[in-house]
Amino acid sequence: MYLTSEEENILDGEQGETLRKAMEILVALGDIYGADSLIPVKSAQIAGVSYKTIGDAGLEWISDLEGTVKVPSILNPAGMDMVRWKEMGIEPEFAEKQLEIIAAYEKLGISSKCTCTPYYLEGFSATCGDHLAWSESSAVSYANSVIGARTNREGGPSALSAALVGKTGNYGYHLDENRVPTVSVVVDHELSGSDYGALGYIAGKEIGNRVPMFHLASTPTSDELKGLGAAMAASGAVALYHVEGVTPEAKQVHFDKPDETITIQRSQLDEVYETIIGNEDDLECDIVAVGCPHCSPEELNRIADLLEGKRIEKELWVCTSREVAQRYPDVVKRIEESGSKVLCDTCMVVSPATEGHNCMMVNSGKALAYVPGMCKVPAKIGSLETCIKKAGGDN
Ligand SMILES: C[C@@](O)(CCOP(=O)(O)O)CC(=O)O
Ligand code: SF4
């Protein structure tokens, strides 16, 4: 890979050990994936924040780094709400480690507004064609597919390296040739809300890491696309998809029809709705969690409308970013008046607080895919309305 003299200097350690390590990671990845050079990135989003997922080894690695990031950089959700962790049942020992992780990242100039939906936040919006180094898989999918920006699915260390250097290798989804659809997916029945998550859950398994072009009977909103992409990145490894007539590149670029077509039937979606993932028994869900990926302002509003005048009986988590929650205090208040919790900085997957529950009801195909394995809690998907009913909010 070609390096400028400045980049060579960094690699030689002339700008310190942290930057040398960061450059070494970028160059190693660039060489593996055939990058011709490094390109500047507009922002970085760094996964590997929850103490539950990175542990002491991760904390040690981050604590050893020095310096300041070169581009706006932000963290993925942590293992707890930084303000309400006690109420979540988080142990003080966990909280202490979690706060150390956040402090170590902040020392590098990284924003500790922990979220997987940075695109809703001031300073992290992206536009079509922007090059990014994001790592949370749903954020990567949204950036590539819904926004038309360009990012590979960075690992935590490679996103952090890109943040410190301000660049990433020019390979993978940064290049036009890798953004061409290689499989068609046809859905000829109407879909809405959580159907897109259920569709993504099924489609991701069949698509693997290819780039699909969807032909849909209904027109998804950006929140529905968020749910579709998140689920495909979890049950498969889809980092970019197109939807005919909807997503930016499908509208701007002429793509040839892929050779393979997958058709997804309504009955396949119905089966997903009927199954409890992670357990064969007909369990009763004792926690309901929505906001995977983190809720948009529109989603918070819809939840508030559905909970209006109701009192829930089970634990109901609504996960979002602190910045979005703070922007709409009245909406948060309307949701919490029902007894639900609007939790920030964290989520049902990366927090240890959901472990030990009997069964979790979710409205997300991604949470359905991850909760059983990462929280050891069986999960069931339902529409947002069903989730709220399940929490007891039908009184
Ligand atoms: C499950 C996920 O959304 C969150 C866990 O990631 P981490 O703890 O930030 O490494 C990661 C991903 O899908 O990229
Ligand atoms: S598991 Fe869901 S809510 Fe948690 S970080 Fe990933 S997309 Fe966001």
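The name given to the protein chain in an unreviewed UniProt entry is Phosphomevalonate dehydratase large subunit, with Methanococcoides burtonii as the source organism. The UniProt entry for the protein chain carries the following text under Pathway (unreviewed entry): "Isoprenoid biosynthesis; isopentenyl diphosphate biosynthesis via mevalonate pathway."

**Student:** Mind laying out the sheet that holds strand E11 (residues 315-320), listing which residues take part and the relevant values?
**Tutor:** Sheet architecture is open: 5 strands sit in the order E12-E11-E10-E13-E14, paired in parallel fashion. One side of each edge strand has no neighbouring strand; the edge strands of this open sheet are strand E12 (341-344) and strand E14 (379-381). For this sheet the average axis-to-axis angle between neighbouring strands, irrespective of direction, equals 25°. In the packing of helix H14 (residues 365-374) onto the sheet, contacts are made with strand E13 (360-362) and E14, and the angle to E14 comes to roughly 170°.

**Student:** Any chance you could break down the site of ligand 2 for me, citing the residues and the numbers?
**Tutor:** Contacts to ligand 2 come from Pro77, Cys116, Glu136, Ser138, Gly291, Cys292, Pro293, Cys347, Val349 and Lys366. When residues of the shell around ligand 2 are sorted by domain, at least three fall in each of domain 1 (5-176) and domain 3 (279-390).

**Student:** Summarise the nonpolar core; cite the residues concerned and give the values.
**Tutor:** In terms of nonpolar packing, the biggest core is built from 133 residues, with Phe214 and Met348 touching the most fellow members. The element contributing the most residues to this core is helix H7 (residues 195-207), with 7 residues. If we skip the residues at most four places from it in the chain, Met348 touches Ala289, Val290, Gly291, Cys292, Trp317, Cys319, Thr354, Met360, Val371 and Cys375.

**Student:** Which residues make up the sheet that holds strand E7 (residues 212-216), and what are the values?
**Tutor:** Ordered in space as E8-E7-E6-E9, the 4 strands form an open sheet in which the pairing is parallel. Of all the strands in the sheet, just strand E8 (242-243) and strand E9 (260-263) have a single pairing partner and so form its edges. Taken together, the 5 bridges between strand E6 (residues 183-187) and E7 define a ladder with parallel strand orientation. Paired with Ser184 across the two strands is Met213, which belongs to E7.

Conventions we followed
- Residues numbered from 1 in each chain as written.
- Chains lettered and ligands numbered in written order.
- Predicted model: local features only at pLDDT ≥ 70, side-chain atom pairs only at ≥ 80, totals over all residues.
- Heavy atoms only, no water.
- UniProt positions renumbered as here; feature names shortened; annotations may be inferred.
- Pairing = 2+ DSSP bridges.
- Helix = DSSP H or I, 4+ residues; strand = E, 2+ residues; numbered from the N terminus.
- Axes fitted to C-alpha atoms, helices over the stretch in contact; angles between N-to-C directions.
- Contact = heavy atoms within 4.5 Å.
- Near = heavy atom within 4 Å.
- Domains from an automatic or database assignment.
- Core = buried A, V, L, I, M, F, W, Y, C linked by side-chain atoms within 4.5 Å.
- Buried < 20%, exposed > 50% of the residue type's maximum accessible area, 1.4 Å probe, protein only.

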